[in-house]
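The lines below spell out each chain.
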Amino acid sequence: MAEKNLPFTKEELLQIIDKYPTPFHIYDEQAIRDNVRGLLAAFDWAPAFKEYFAVKATPNPYLMEILREEGVGADCSSLAELLLAERAGLAGEDIILTSNDTPAVEFQKAKELGAIINLDDISHIDYLEKNVGIPEMICFRYNPGPLREGGNSIIGNPEEAKYGLTRKQILDGLQIMKNKGVKRFGLHTMVISNELDPNYFIETANMMFDLVLEVHQTLGIKVEFVNFGGGIGVPYHPDQEAVDLNYLGKGIKKAYEKKIIAHDLHPLKLAVECGRMITGPYGYLVATVLHKKEIYKNYVGLDACMANLMRPALYGSYHHISVVGKEDWPLGYIYDVTGSLCENNDKFAINRKLPMISVGDVVVIHDAGAHGHAMGFNYNGKLRSAELLLKPDRSVQMIRRAETLDDYFATLDF
Ligand SMILES: *Cc1c(COP(=O)(O)O)cnc(C)c1O
């Protein structure tokens, strides 16, 4: 059972709203720090373990700085994300560029930062050489295709995924890079997304350790690090269970002992690039009820819309909703909770059992800390909301202001 509590009292929240009008996103700094420490602790047995925060989840340099203080790096997939990492004080191999269909300017910026470059395709070797030269270290992204069973609805089956190199291309690519004088190598994969079963990650680790072994046996290359990607899920629904990180760490340790230590390939650095599980559960979208409407169904209309959180509309995802001050009221009503876009899928919840809602109630949408504000867009002229940080001393800092109409019109000349 994932508990859906709020990190503030009703009184605290109303004071925050007094200063910062709804809608806004608010992140719980202490909870983010505690969570990251738990992840790192689960891998404290590894010779070197690095979490590269997938910046796309919550691309805010204030949050990235908090994570940097905890020893976390950045996983970037665009020029803007590389620049954010730089501004957050990260440099060198604390940054990895895991992109696909990559423009030259991203490779150039990554090289300038000394970041790890993770190639998504064998054809990128020539492209990289032509545009920025061959770096001293290179990483390749592996797509196991049919060798990897399973997958889930967000990423799908690896065979259908656009990412990475085939097994044969991995071996060819490493050989080509070795011939070009590269001395340090990493291997990367990302085959699942929003997965709550830790056994999938342990299986992925086993698959990657087998690949490290094969690379050593066939090419004589000792891989320096393995990056398992992100994909650790968030228990969005109260009936779901968060991934047991200690179980995960222990399972991968067992595989490491059996495959890496036993074959004399120790030490091998391990890395992950989780985004969702780092910030997702610790961000909340706060909104106010503007209207109630009773037609064939009962609707509750918020001052937030899909521009603030599009996961429910995009994937049909469940996000828990608390009506502030009514947490203990009976769930006696069924509502669709909507935004104001001229799109019928602009709904945060469909047929949701909730307490009786009145106009003016404050609602909190849970687990909005990843792919929430980040996926914002301006359709219908809707503006992105502010981002706030609830600090460990309970003070609140605005870490991104809300967009204004001037921002919206800034690209027009009229
Ligand atoms: C999205 C992504 C991640 C992060 O995934 P989460 O599900 O947020 O953990 C990591 N690596 C790559 C390459 C990604 O595209």
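Whatever comes next refers back to the structure up there.
What this report covers is the structure whose coordinates are included nearby. (Residues numbered from 1 in each chain as written. Predicted model: local features only at pLDDT ≥ 70, side-chain atom pairs only at ≥ 80, totals over all residues. Heavy atoms only, no water.)

**Some remarks on the packing of helix 7 (residues 167–179) against helix 8 (residues 198–219)**
At their nearest, the axes of helix 7 and helix 8 sit 11 Å apart, and the two run at 50° to each other. Between helix 7 and helix 8, the angle falls in the class oblique. Crossing of helix 7 over helix 8 shows right-handed handedness. From helix 7, Arg-167, Ile-170, Leu-171, Leu-174, Gln-175 and Lys-178 reach across to helix 8, where they touch Asp-210, Leu-211, Glu-214, Val-215, Thr-218 and Leu-219. (Axes fitted to C-alpha atoms, helices over the stretch in contact; angles between N-to-C directions. Helix = DSSP H or I, 4+ residues; strand = E, 2+ residues; numbered from the N terminus. Parallel < 35°, antiparallel > 145°, perpendicular 65-115°, else oblique. Left-handed = near helix turned anticlockwise from the far one by under 90°. Contact = heavy atoms within 4.5 Å.)

**Details of the side chain of Asn-60**
Here Asn-60 lies in the loop between strand 2 (49–54) and helix 3 (61–69). Overall, the relative accessible area of 0% leaves Asn-60 in the buried class. At 3.2 Å, the side chain of Asn-60 and the backbone oxygen of Ile-399 are in polar contact. Setting aside residues up to four positions removed in sequence, Asn-60 forms contacts with Glu-387, Ile-399 and Arg-400. (Buried < 20%, exposed > 50% of the residue type's maximum accessible area, 1.4 Å probe, protein only. Polar contact = N/O pair within 3.5 Å; in protein donor to acceptor, adjacent residues only side chain to side chain.)

**Describing the state of the cysteines**
Note on terminology: disulfide describes a covalent bond linking the sulfur atoms of two cysteines. Within the structure shown, the criterion is met by zero disulfides. A disulfide-free cysteine, Cys-274 has its sulfur positioned 15 Å from the sulfur of Cys-76, the nearest such atom. Of the residues examined, Cys-274 reaches a relative accessible area of 1% and is grouped as buried. In this structure Cys-305 is not part of a disulfide, and its nearest cysteine sulfur, from Cys-342, lies 10 Å away. (Disulfide = S-S within 2.5 Å.)

**Remarks on the sheet that holds strand 5 (residues 116–119)**
The strand order around the closed barrel built from eight strands is 2-3-4-5-6-7-8-9, with neighbouring strands paired in parallel fashion. Averaged over all neighbouring strand pairs, the angle between strand axes comes to 25°, with direction disregarded. One ladder, built from six bridges, connects strand 6 (residues 137–142) with strand 7 (residues 184–189); its direction is parallel. Each residue of the ladder has a partner; that of Phe-140, found in strand 7, is Leu-187. Helix 4 (residues 79–87) contacts strand 3 (73–76) and strand 4 (95–98) of the sheet and is inclined by roughly 170° relative to strand 3. Those strands touched by helix 8 are strand 6, strand 7, strand 8 (225–227) and strand 9 (269–272), and its axis lies near 150° from that of strand 7. (Pairing = 2+ DSSP bridges.)

Spatial relationships are all this shows, so hold off on functional conclusions.
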